[in-house]
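# Chain and residue survey
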Amino acid sequence: MSVLVYIEPHKGNIKKTSLEAVSYANKLAELISSNVTALAINISDEGLKAIANAGADKILSVNNESLSATNIKALAEVVNSAIKEENATTIIFAADGTGSSVAPYVAAKQKAGIIAGTIDFPIIDGNKLIVQKNVFSGKATALYSVDTAIKIITLTPNSIQISNTKRSPNVISFAPTFDAANGVVLKSFKIDEDIAKGGIPLADAELVVSGGRGLKGPENWGIVEDLAHALGAATACSRPVADADWRPHHEHVGQTGLAIRPNLYIAIGISGAIQHLAGVNGSKTIVVINNDPEAPFFKNADYGILGDAFKVVPKLTEAIKKLRI
Amino acid sequence: MKILVPISQVPDTTAKISFINNDTTFNNAGVTFIINPYDEWYALVRALELKEAGKAEKVTVIHVGPTENEPTIRKALAIGADDAVRIDGDGDSSFVAGQIADYAQKNDYSLILLGKETISYNSAATAGLVAGFLDWNFVPYATKLDVNGNTISLEQEMDGGVNQLSSPLPLVVSAAKGMALQRIPNMRGIMAARTKPLQVVTPSTDFPVYTKVESYTPAKGRTACVMISEDNIDELVDLLHTKAKVI
Ligand SMILES: Cc1cc2nc3c(=O)[nH]c(=O)nc-3n(C[C@H](O)[C@H](O)[C@H](O)COP(=O)(O)OP(=O)(O)OC[C@H]3O[C@@H](n4cnc5c(N)ncnc54)[C@H](O)[C@@H]3O)c2cc1C
Ligand SMILES: Nc1ncnc2c1ncn2[C@@H]1O[C@H](COP(=O)(O)O)[C@@H](O)[C@H]1O
């Protein structure tokens with residue numbers, strides 16, 4: 001009996017969302033008097049240390065370059081072997097990157113009930129877990145129960161704090177077999193230009209600056225980028241902005257784009273349509289800058305500035321720079 | 001090659017969400033239902049484009065749900081699917097995915113193209129479950145998909161960049177924005193949809209329901225917005241720093 005946590009292969013440093021998953025597993029193990037085993041796939045020594053800190057009792061470390069991060073089927077086989085090895089009864093995945101895709105694949109194989117996208121620690125009720133998740137694009141939450149012998153939970157990014165337990169787990173090298181023949185092959189990876197220049201991927205960002213149609217055209221995005229740089233924030237946009245190719249599609253947030261829940265979301269020249277709010281209303285703090293007092297976004301914000309974005313945003317950037325000195 | 005497109009039915013994006021029976025049941029009253037946008041705009045339209053390009057023989061839509069959902073299925077036929085299947089049952093993602101996998105296997109579909117997630121339950125789990133039940137290759141969140149004989153080429157946005165991928169058939173794909181452009185059904189399509197085949201299938205008993213919604217809680221709105229003068233931006237920065245503690 002143990003809680004297994006999946007740490008996805010990732011170029012470079014270990015992802016914050018993976019550490020959130022370890023912290024979640026750590027808390028769950030405490031609640032059900034169990035142990036945490038982390039399944040770390042192609043993770044550096046430094047990454048293994050971070051996993052230990054976040055609360056793993058044992059690490060199964062898989063090092064195999066032929067185990068591609070895009071081959072979900074092979075990754076699921078590795079997780080299945082680890083479940084068997086550890087006699088794991090609950091498996092935790094971060095609901096981003098490969099985690100949200102490997103988790104259901106494994107659930108089908110294990111005949112496990114899956115709850116995808118929880119936002120809080122579970123409640124234990126005998127053999128039952130009661131798990132909370134967002135539904136209707138953030139317009140409600142639901143409590144789900146699952147009582148299968150093996151249970152699978154994926155954790156929405158930015159939902160819980162990373163724990164700091166400073167354990168010294170055994171790191172065991174783990175080499176399960178998997179079939180990579182006829183799998184999905186990665187032909188190339190093109191990194192986004194902004195990210196290459198040191199920009200922050202939107203899905204992981206704690207601070208986000210977002211622009212809408214109120215900015216009038218792509219040539220005006222400099223003020224958004226300047227504010228984002230001053231804060232160390234990622235940039236996002238509303239759907240019409242991405243549809244008009246003012247900004248890349250992966251910046252589109254909302255019901256049909258990415259759903260994010262950063263600590264701070266600054267909406268500039270965005271009206272606050274219900275489909276836009278669906279992707280951002282999980283943000284901890286929302287600031288709205290708009291020149292229309294009737295903009296619906298003001299009803300869904302914590303702080304508002306009524307004014308012209310072209311005047312307000314540069315002033316805000318200067319004020320942030322003063323704070324950061 | 002035959003393509004299977006699973007479609008789900010969801011409340012219209014502007015629908016007011018409320019619950020009844022002590023917050024244990026979604027309140028259908030007065031709610032308009034639509035095809036989940038990812039299924040309709042991206043998965044279905046891309047499947048139709050492939051057929052029009054001579055790269056697929058047939059596009060079938062499949063829905064797991066009760067009789068009253070048939071108007072939603074007819075809409076998919078009006079957009080251009082050749083035929084439709086309704087599995088007459090209801091359940092969680094594992095149940096739904098099991099039914100879809102079972103039907104695909106028994107009826108020789110080799111490409112299953114789903115939406116990335118429903119805008120109702122936001123699980124993004126069905127596609128991976130279908131792939132797992134079938135033991136097929138799986139490409140989630142695809143933004144591009146093309147077919148060259150037995151090889152499928154795809155693009156996927158991940159980790160701040162774009163993956164270019166290829167896979168043999170059979171394959172399960174979940175569609176994200178970018179794969180195709182929304183099509184509005186025309187009058188001819190709507191007329192044709194009335195007579196297109198819609199087969200009703202009894203669910204397989206091999207796939208139980210594993211999870212249950214115990215209760216719902218409507219999201220709490222934010223407390224009143226604090227308005228700050230544009231001449232007093234320092235106050236905002238101070239509040240974000242010392243009160244909200246987010247910067
Ligand atoms: C099924 C469906 C799904 C959808 N999904 C999404 C989604 O995922 N994400 C999304 O964003 N939208 C989505 N939409 C679209 C959504 O309904 C809105 O149309 C969209 O969000 C509006 O974008 P916007 O706020 O940038 O533009 P607008 O609504 O045009 O708002 C522009 C705002 O800028 C303000 N403004 C103008 N000039 C200035 C200035 N100088 N300074 C400050 N403010 C200024 C205006 O007062 C206005 O409030 C969806 C719609 C449908 C039907
Ligand atoms: N009841 C259903 N019938 C057919 N397909 C469904 C059903 N529910 C979900 N799907 C498909 O699975 C995708 C992902 O749904 P979900 O995992 O619930 O977010 C949807 O976009 C549909 O393509």
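Reading the values: the criteria
Residues numbered from 1 in each chain as written. Chains lettered and ligands numbered in written order. Predicted model: local features only at pLDDT ≥ 70, side-chain atom pairs only at ≥ 80, totals over all residues. Heavy atoms only, no water. Axes fitted to C-alpha atoms, helices over the stretch in contact; angles between N-to-C directions. Helix = DSSP H or I, 4+ residues; strand = E, 2+ residues; numbered from the N terminus. Parallel < 35°, antiparallel > 145°, perpendicular 65-115°, else oblique. Left-handed = near helix turned anticlockwise from the far one by under 90°. Contact = heavy atoms within 4.5 Å. Core = buried A, V, L, I, M, F, W, Y, C linked by side-chain atoms within 4.5 Å. Buried < 20%, exposed > 50% of the residue type's maximum accessible area, 1.4 Å probe, protein only. Pairing = 2+ DSSP bridges. Buried area = accessible area lost by both parts, 1.4 Å probe. Salt bridge = Lys/Arg side-chain N within 4 Å of Asp/Glu carboxyl O. Polar contact = N/O pair within 3.5 Å; in protein donor to acceptor, adjacent residues only side chain to side chain. Nonpolar A, V, L, I, M, F, W, Y, C, P; charged D, E, K, R; others polar. Arc of directions from axis to C-beta. Patch = residues over 30% accessible without salt bridge, like charges linked within 9 Å, V, L, I, M, F, W, Y side chains within 5 Å. Areas by Shrake-Rupley, 256 points an atom, 1.4 Å probe, with all protein chains shown as cover. Near = heavy atom within 4 Å. Domains from an automatic or database assignment.

Once that is clear, we can look at the packing of helix α6 (residues 222–231) of chain A against helix α9 (residues 309–324) of chain A. Residues and elements named next belong to chain A. Contact geometry of α6 with α9 gives a least axis separation of 9 Å together with a crossing angle of 15 degrees. In terms of orientation, α6 and α9 fall into the roughly parallel class. For the crossing formed where α6 meets α9, the hand is left-handed. Taken together, the residues of α9 that come into contact with α6 (itself represented by Ile223, Asp226, Leu227, Ala230 and Leu231) are Ala309, Phe310, Val313, Pro314, Leu316, Thr317, Ile320, Lys321 and Arg324.

Grouped together as the largest cluster of nonpolar side chains are 56 residues, with contacts concentrated most on Leu39(A), Val79(A) and Ile112(B). Ranked by the residues each element gives to this core, the list is headed by helix α3 (residues 72–86) of chain A, at eight residues. If you look at the next biggest cluster of nonpolar residues, it comprises 42 residues, including Ala56(B), Ala78(B), Val147(B) and Val173(B).

Moving on to the sheet that holds strand β16 (residues 303–306) of chain A. Across the sheet, six strands lie side by side as β13(A)-β12(A)-β14(A)-β15(A)-β16(A)-β15(B); this open sheet has parallel pairing. Because the sheet does not close on itself, it has two edges, and the strands there are β13 (234–237) of chain A together with β15 (226–227) of chain B. Sheet topology places strand β15 (residues 285–290) of chain A next to β16(A); four bridges connect them, and they run parallel. Each residue of the ladder has a partner; that of Ile289(A), found in β16(A), is Ile305(A). Against the sheet, helix α6 (residues 233–243) of chain B touches β14 (264–268), β15 and β16 of chain A, its axis set at about 170 degrees to β16(A).

Here we come to the interface of chain B and chain A. Taken together, the 76 residues of chain B in the interface contact 89 residues of chain A. Both sides of the chain B and chain A interface together cover about 6,900 Å² of buried area, and 56% of this is carbon and sulfur. When the buried area of chain B at its contact with chain A is split by residue, Lys177(B), Tyr210(B) and Arg222(B) rank highest and sum to 11% of it. Asp302(A) is paired through a salt bridge with Arg222(B); the nearest N and O atoms lie 2.9 Å apart. Our count for the chain B to chain A interface comes out at 38 residue pairs in polar contact (both at pLDDT 80 or more). Secondary-structure elements contributing two or more residues to the side of chain B that touches chain A are α1 (37–52), α4 (126–134), β9 (137–148), β10 (151–158), β11 (161–168), β14 (211–218), β15 and α6 of chain B. Split into classes, the residues belonging to the side of chain B that touches chain A amount to 42 nonpolar, 21 polar and 13 charged. As paired elements, strand β8 (residues 140–146) of chain A and β14(B) share seven bridges and run antiparallel to each other. Each residue of the ladder has a partner; that of Leu143(A), found in β14(B), is Ser215(B).

This next bit is on the sheet that holds strand β11 (residues 185–191) of chain A. Spatial strand order, β11(A)-β11(B)-β10(B)-β9(B)-β12(B)-β8(B)-β1(B)-β6(B)-β7(B)-β13(B): ten strands in an open sheet with mixed pairing. Looking along the sheet, the strands with just one partner apiece sit at the ends: β11 of chain A together with β13 (198–201) of chain B. Between one strand axis and the next, the sheet turns by 30 degrees as a mean value, whatever way the strands run. As defined by bridge partners, β10(B) adjoins β11(B) across eight bridges and the pair is classed as antiparallel. Directly across from Thr151(B), in β11(B), lies its bridge partner Pro168(B). With respect to the sheet, α4(B) is in contact with β8 (111–115), β9 and β12 (171–175) of chain B, its orientation differing from that of β8(B) by roughly 155 degrees.

Take helix α2 (residues 45–55) of chain A next. Residue and element names in this part refer to chain A. Looking at α2, one finds that the buried residues are Gly47, Leu48, Ile51, Ala52, Ala54 and Gly55. All buried residues of α2 lie within an arc of 165 degrees about the axis, which places them on one face of the element. Across from the buried face of α2, at angles greater than 90 degrees, the exposed residues are Asp45, Glu46 and Lys49. On its buried face, α2 sits against β1 (2–7), α1 (16–31), β2 (35–41), β3 (58–62) and β10 (170–173).

Here we come to a nonpolar patch on the surface. Among the surface-exposed residues, Met187(B), Ile190(B) and Met191(B) lie close enough to one another that they form a single nonpolar patch of about 280 Å² accessible area. Inspection of the secondary structure puts Ile190(B) in helix α5 (residues 187–193).

Here we come to the pairing of β8(B). On any regular strand, side chains alternate: one points to one face of the sheet, the next to the other face. Residue and element names in this part refer to chain B. Most of β8 sits out of view: five of its five residues are buried. Side chains Leu111, Leu113 and Gly115 of β8 all project onto a buried face; the interleaved residues Ile112 and Leu114 project onto the opposite face, where all are buried too. When strand β1 (residues 2–6) meets β8, the two strands line up parallel, connected through two bridges. The residue of β8 that forms the bridge with Ile3 is Leu111. Where β8 lies against β12, five bridges are found, and the strand directions are parallel.

Below, the discussion takes up the site of ligand 2. All names here are of chain B. Not every one of the 18 residues close to ligand 2 is listed here, only the nearest: Pro6, Asp39, Ala124, Ala125 and Thr126. Between Pro6 and ligand 2, the recorded distance is 2.7 Å, taken from a backbone N or O atom to an oxygen atom. A distance of 3.3 Å separates a nitrogen atom of ligand 2 from a polar backbone atom of Ile7. Protein contacts shield 93% of the accessible area of ligand 2, which totals 490 Å² for the unbound molecule. Per-element accounting of the shell around ligand 2 gives the leading share, three residues, to strand β6 (residues 58–64).

This paragraph deals with the domain arrangement of chain A. Residues and elements named next belong to chain A. Domains assigned within chain A are domain 1 (2–173) and domain 2 (191–324). With centres defined by C-alpha atoms, the gap from domain 1 to domain 2 works out at 31 Å. Taken together, the contact pairs twelve residues of domain 1 with ten residues of domain 2. Carbon and sulfur atoms make up 40% of the surface buried where domain 1 meets domain 2, a total of about 820 Å² over both sides. For domain 1, the biggest contributors to the area lost against domain 2 are Ser137, Lys139 and Asn158; these three give 52% of the whole. Counting across the domain 1 and domain 2 interface gives one salt bridge. Residue Glu206 pairs with Lys16 through a salt bridge whose shortest N-O separation is 3.5 Å. Across the domain 1-domain 2 interface, the total number found is two residue pairs in polar contact (both at pLDDT 80 or more). Residue classes in the side of domain 1 that touches domain 2 are distributed as two nonpolar, six polar and four charged.

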